[in-house]
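Remarks on the overall topology
These are the residues of each chain, in order.
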Amino acid sequence: MRSHYSAWNLLAAAPGHADWAPAWRDAEPKPRYDVVIIGGGGHGLATAYYLAKNHGIRNVAVVEKGWIGGGNTGRNTTIVRSNYLYPESARLYDFSVRLYEDLSRELNFNIMFSQRGIVTLAHSRHDLDNIARWANAMRFNGIDADVLDAAQVRTLAPRLNFDADARFPILGGFIQRRGGPARHDAVAWSYARAASALGVDIVQNCAVTGFVMQGERVAGVQTLRGGVAGEIRAEKVGAAVAGHSSVIAKMAGFTLPVTSYALQAMVSEPVKPVLDTVILSPAVGAYWSQSDKGEVVIGGALDHFPSYAQRGSFAVLQQVMAATTEMFPSFGRLRLLRQWAGIVDVVQDSSPIIGETPVPGLYINCGWGTGGFKAIPVGGWTLAHVLATGRNHELAEPFQLARFETGRLIDEAAAAGIAH
């Protein structure tokens, strides 16, 4: 299957879907666009939507080598949160959470954002100290966070292993109550529909093979569609191709401080409701939630070797399964339904890059690591801003490539919760 949810049942019930679907399925490229966006995932589609909505730029094309939302957007674990340490990250991700909170109404499409909270567990005195520091940093940044004792965690997730001889005793944790899962395909399809309705062309099965150059400036993209090579001209090009950003950069003649890794996820067979919050354990490198279809969704750490294989390694799968049965003994009775991996860009300081590149006319949104899905709205908002105005959005200003020259890095690896 393309993802662990199906978008088609959403489309069947979407108001007016019969009118807008041909606009993205069958769009033919025009001779020239104001902006071409490479990547038809959440960030690319959100960028196109905000270009049209916020800036009135509708002569836009989104080109996608596969199908809409078929990359990382369809291979993530759907968690939205803003529990980061540094003020720059807190502002960025919490802006995204606020956009998510109103997205169903704005796009007239139910993205099923369920703010059931995300609980981060502490298993040792050292963990408790880190939890207190983490929660206090969030509060200083104006983001909700409540420290929990073991009894409060047990009330929220009674199926956790609270045995006295547990390998990872649960001593407490903290919760961001505004966090929770959204339906990933609904996010992609809602942005696609809204962008298409505003006049954006969405071209599927159209791989970018290079760039059209005018001197040193990017003036469009070279493509391959249905075995036929062609060019799509544009005033500006934006790239939102999580996992393959270094490939796009190489095509344009520069390098990024980015490495691509597989990030694993899996789901169980559907069961009745057993988990009504999101549980994250940094110590075991895994996290759990339950989808609206009843599947227990399980996420794990990165495979720590560069890879473009969308399956991950057996070693990490085994580690995550062992962690699951240790933390939730009753889950050991469940059957694993599907396992997959998305390919994520990890920047050296575990924070994104949003803005211009060394090549004039080319702008990029990359490096979100484990934070890509939760950042879809703000990633699109800020990339659209710089494409439309030529100036970085204030939220994106700290996340420029130039920080690797000045040394003003934003090392958020710890707040990812799952090891980068």
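For clarity, every value in this text was computed on a predicted model and none was experimentally measured.

Calculation criteria
- Residues numbered from 1 in each chain as written.
- Predicted model: local features only at pLDDT ≥ 70, side-chain atom pairs only at ≥ 80, totals over all residues.
- Heavy atoms only, no water.
- pLDDT = per-residue confidence, 0-100.
- Contact = heavy atoms within 4.5 Å.
- Buried < 20%, exposed > 50% of the residue type's maximum accessible area, 1.4 Å probe, protein only.
- Helix = DSSP H or I, 4+ residues; strand = E, 2+ residues; numbered from the N terminus.
- Arc of directions from axis to C-beta.
- Core = buried A, V, L, I, M, F, W, Y, C linked by side-chain atoms within 4.5 Å.
- Axes fitted to C-alpha atoms, helices over the stretch in contact; angles between N-to-C directions.
- Parallel < 35°, antiparallel > 145°, perpendicular 65-115°, else oblique.
- Nonpolar A, V, L, I, M, F, W, Y, C, P; charged D, E, K, R; others polar.
- Left-handed = near helix turned anticlockwise from the far one by under 90°.

**A word on the confidence of the model for the chain**
- Counting all residues, the mean pLDDT for the chain is 91, and 92% of those residues have values of 70 or more.
- In the model, residues 1-24 has pLDDT below 50 throughout and makes 58 contacts with residues more than four positions away in sequence or in other chains.

**Looking at helix 8 (residues 245-252)**
- Taken as a whole, helix 8 has its buried residues at Ser-245, Ile-248, Ala-249 and Ala-252. Looking straight down helix 8, one finds that the buried residues subtend no more than 100 degrees of arc, so they occupy a single side.
- If you follow the buried residues of helix 8, they end up packed against strand 1 (32-38), strand 9 (206-214), strand 11 (228-239), strand 16 (336-347) and strand 18 (362-366).
- Looking one or two residues beyond helix 8, the residue adopting positive phi is Gly-253, at roughly 95 degrees.

**Describing the nonpolar core**
- Counting 52 residues, the largest nonpolar core has Tyr-100 and Tyr-191 as its most contacted members.
- At the level of elements, strand 1, helix 3 (42-55), strand 2 (60-63), helix 4 (87-107), helix 7 (184-197) and helix 10 (376-389) are the ones that each hand at least two residues to this core.
- Those residues in contact with Tyr-100 that lie beyond four places of it in its chain are Val-80, Ile-111, Phe-113, Ala-182, Val-187, Phe-373, Lys-374, Ile-376 and Pro-377.

**Some words on the packing of helix 3 against helix 4**
- Direction vectors running N to C along helix 3 and helix 4 enclose 75 degrees, while the axes themselves pass 15 Å from each other. Between helix 3 and helix 4, the angle falls in the class roughly perpendicular. The residues of helix 4 that touch helix 3, namely those facing Tyr-49, Tyr-50 and Lys-53, are Leu-99, Leu-103, Glu-106 and Leu-107.
- Of the residues in the contact of helix 3 with helix 4, the class split is five nonpolar, no polar and two charged.

**Topic: the packing of helix 4 against helix 7**
- Packing of helix 4 against helix 7 brings their axes to within 10 Å, and their N-to-C directions diverge by 45 degrees. Relative to helix 7, helix 4 is oriented oblique. Of the two elements, helix 4 crosses helix 7, and the hand of that crossing is left-handed. Two secondary-structure elements touch here, helix 4 through Tyr-100, Leu-103 and Leu-107 and helix 7 through Val-187, Ser-190, Tyr-191, Arg-193 and Ala-194.
- Here the residues of the contact of helix 4 with helix 7 sort into six nonpolar, one polar and one charged.

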